[in-house]
Amino acid sequence: MDSFDRMEAVIAQRRATPQEGSYTCYLFERGLDKILKKIGEECAEAIIAAKNGDKAELVGEINDVFYHMMVMMNECGVTLDDVCKEMDKRAQKICNLKQFHVSDHDT
């Protein structure tokens, strides 16, 4: 079981059996709006860490983003397996560059 699988299991366990003092349980109690707000905050912090070139800070912030995304996934009924299956489909695509529509703005 890899780190993502372990984290998914812990998050599911916290939701099924709430524990006092658990941050994960707190997020579930507050609901989707709070979870989404935290994802936004953590994404912004990851962007700043990347801009500042601080690898250690960036790794920590990416982990925070992943964690909060996984809480959201659980709240919304999405599993890692669902995401991995989609990623596998996308990885099989060749020449995945989207074609952009070019407009003639002179007419």
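Residues numbered from 1 in each chain as written. Predicted model: local features only at pLDDT ≥ 70, side-chain atom pairs only at ≥ 80, totals over all residues. Heavy atoms only, no water.

Glancing now at the packing of helix α2 (residues 23-30) against helix α3 (residues 32-52). Where α2 meets α3, the closest approach of the two axes is 5 Å, and the angle between their N-to-C directions is 120°. The angle between α2 and α3 places the two elements in the oblique class. Facing Y23, Y26, L27, F28 and R30 of α2, the residues of α3 in contact are L32, K34, I35 and K38. A per-class count over the contact of α2 with α3 returns six nonpolar, no polar and three charged. (Axes fitted to C-alpha atoms, helices over the stretch in contact; angles between N-to-C directions. Helix = DSSP H or I, 4+ residues; strand = E, 2+ residues; numbered from the N terminus. Parallel < 35°, antiparallel > 145°, perpendicular 65-115°, else oblique. Contact = heavy atoms within 4.5 Å. Nonpolar A, V, L, I, M, F, W, Y, C, P; charged D, E, K, R; others polar.)

Turning to the packing of α3 against helix α4 (residues 55-76), a few remarks are in order. In the contact formed by α3 and α4, the axes pass within 8 Å of each other and the chain directions differ by 160°. On the basis of the axis angle, α3 is roughly antiparallel to α4. Note that α3 runs across α4; the crossing there is left-handed. Residues L32, I35, L36, K38, I39, E42, C43, E45, A46, A49 and A50 of α3 lie in contact with α4, whose contacting residues are E57, L58, E61, D64, V65, H68, M69, V71, M72, E75 and C76. (Left-handed = near helix turned anticlockwise from the far one by under 90°.)

The subject of this paragraph is a nonpolar patch on the surface. Taken together, the side chains of F4, I62 and F66 define a hydrophobic patch exposed on the protein surface, amounting to about 240 Å² of accessible area. In this fold, F4 is placed in helix α1 (residues 3-16). (Patch = residues over 30% accessible without salt bridge, like charges linked within 9 Å, V, L, I, M, F, W, Y side chains within 5 Å. Areas by Shrake-Rupley, 256 points an atom, 1.4 Å probe, with all protein chains shown as cover. Salt bridge = Lys/Arg side-chain N within 4 Å of Asp/Glu carboxyl O.)

Let us now look at the nonpolar core. Counting residues in hydrophobic clusters, the biggest one holds eleven residues: I11, L27, F28, I35, I39, Y67, M70, V71, M72, M73 and L80. Listed by contribution, the elements that provide at least two residues to this core are α2, α3 and α4. Among the elements that make up this core, the one with the highest residue count is α4 (five residues). The residues contacting M72, other than those within four sequence positions of it, are L32, I35, L36 and I39. (Core = buried A, V, L, I, M, F, W, Y, C linked by side-chain atoms within 4.5 Å. Buried < 20%, exposed > 50% of the residue type's maximum accessible area, 1.4 Å probe, protein only.)

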